[in-house]
Amino acid sequence: MTRVFITGTAGFIGFHLARLLLDEGFTVHGYDGMTDYYDVTLKQRRHQVLHQKPGFAATEALLEDEATMNRVVDDFAPDIIIHLAAQAGVRYSLEEPRDYVQANVVGTFNVMEAARRHKVQHLLMASTSSIYGANTRMPYGETDKADLQMTIYAATKKAAEAMGHSYAHLWDIPTTMFRFFTVYGPWGRPDMALFKFVNAMLDGKPVDIYNHGEMYRDFTYVDDLVRGIRLLMDAVPVRPQTAEEIPDWDSLSPVAPYRIVNIGNSDKVRLLDFVDAIEAELGVTAKRNYMDMQKGEVIATWADARLLKELTGYAPKTDVREGIAHFVDWFRDYYQK
Ligand SMILES: Cc1cn([C@H]2C[C@H](O)[C@@H](COP(=O)(O)OP(=O)(O)O[C@H]3O[C@H](C)C(=O)[C@H](O)[C@H]3O)O2)c(=O)[nH]c1=O
């Protein structure tokens, strides 16, 4: 059975992806630094769930720990590497920018080196819709020029895309980069809006609403997202013979087996409507603390999801109300609220 090395398996998306692959019979080795950016107990609980499934083993180490990374990858000898671990989060990158450079640039480089040494069949790595930064043309397409990052978080992810392209070109490593759009769902991250809002509302505390709610996000349900990743594992990029053979909707590089793929719901939701939907689901009226626009935030994200559809036949589809309901079920059960 195919052997998949996944970084970030104690994280939100890595956990869901590993669970899906283990249920399909893949052998998975997880790798996670268990950093204390948010509640480490939540990360440990995710790993506990994965350890109950046959075919899972994990190493706890940082991406920056090159020796451990190489030893683990040497021992496991993966067919596929999926790199999801990162220092994530838009706002924290204003407080601790160095963490982003270390994890997302140095750490990603270590993963790429491991992929090169092992000649993996496919390297898949996470990027973010945040790299579209100050772009105004919507929906965001993978072939759009995207040079206007507004945070060091987005900038380190853009750097990872560029590094990935160079290694795909130099060493013929088939590489797919995902640009994720505001992923949410059960087992979600405590620093993100849905978790913070639900938690505060159930405790009767105020919720901070940036830019007075006039923001838009292409909220993407986590099950849809990992389904997209699963299908892209089989869509291995092939270096084209000529640039002319690349269709205009494809982001395939003319000089490398490399492409970038948006994974988003392709549905722009207004932040105020998102809060309304949470209130409706909880049966609680939020204490709304309307705030001005925050530094580094982008007003809107919206994915052009055509490329994912062309490559896999799949399009994320979960309505935000349905996804919120699943999150609230999990949250109430997990925290006994
Ligand atoms: C935490 C918080 C957020 N917001 C607003 C800001 C956004 O318009 C919206 C969603 O915020 P959230 O933090 O859930 O997601 P993004 O800021 O889009 O960033 C997320 O999606 C991208 C793709 C990643 O790459 C990031 O890693 C990930 O954190 O709610 C508030 O109004 N108040 C709050 O307290």
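Look above for the structure.
Residues numbered from 1 in each chain as written. Predicted model: local features only at pLDDT ≥ 70, side-chain atom pairs only at ≥ 80, totals over all residues.

Undergrad: I'd love a proper account of the overall build of the protein, names of residues and values included.
TA: Counting its regular elements, the protein contains 11 helices and 13 strands. By the compact-globule yardstick of 20 Å for 337 residues, the protein fits well, its C-alpha radius of gyration being 19 Å. Referenced to the eigenvectors of the C-alpha coordinate spread, the extents of the protein come out at roughly 55 × 45 × 40 Å. In the protein, buried positions account for 46% of the 337 residues. Of the contacts formed within the protein by residues at least 6 apart in sequence, a portion of 81% connects residues at least 24 apart. (Helix = DSSP H or I, 4+ residues; strand = E, 2+ residues; numbered from the N terminus. Rg over C-alpha atoms; globule rule 2.2 N^0.38 Å. Buried ≥ 20, exposed ≤ 12 C-beta atoms within 10 Å, placed from the backbone. Contact = placed C-beta atoms within 7 Å.)

Undergrad: Explain the site of the ligand residue by residue, including any values.
TA: Surrounding the ligand, one finds 18 residues, the nearest of these being Thr128, Met192, Ala193, Tyr210 and Met215. Elements with a contribution of two residues or more to the shell around the ligand: α7 (193-202) and β8 (206-209). For the shell around the ligand, the per-class residue count stands at 10 nonpolar, 5 polar and 3 charged. (Near = placed C-beta within 6 Å. Nonpolar A, V, L, I, M, F, W, Y, C, P; charged D, E, K, R; others polar.)

Undergrad: Residue-level account of the environment of Ile209, with values.
TA: For Ile209, the position within the fold is in strand β8. Judged by the 20 C-beta atoms lying within 10 Å of it, Ile209 falls in the buried class. For the pair Ile209 and Arg227, spaced 18 residues apart in the sequence, the C-alpha separation amounts to 31 Å. Setting aside its immediate chain neighbours within four residues, Ile209 contacts Leu271, Val275, Arg288, Asn289, Tyr290 and Met291.

Undergrad: Mind laying out the nonpolar core, listing which residues take part and the relevant values?
TA: Ranked by size, the top nonpolar core spans 94 residues in total, and within it Leu17, Ala18, Ile81 and Leu225 carry the most contacts. The residues contacting Ala18, other than those within four sequence positions of it, are Ile6, Thr9, Val28, Gly30, Leu50 and Phe56. (Core = buried A, V, L, I, M, F, W, Y, C linked by C-beta atoms within 7 Å.)

Undergrad: Tell me what's going on with the environment of Glu96, and back it up with residues and numbers.
TA: Within the secondary structure layout, Glu96 lies in the loop between α4 (92-95) and α5 (97-118). On the neighbour-count criterion, Glu96 (14 C-beta atoms within 10 Å) is partly exposed. The spacing of Glu96 and Tyr153 is 57 residues in sequence and 9.9 Å in space, taken between C-alpha atoms.

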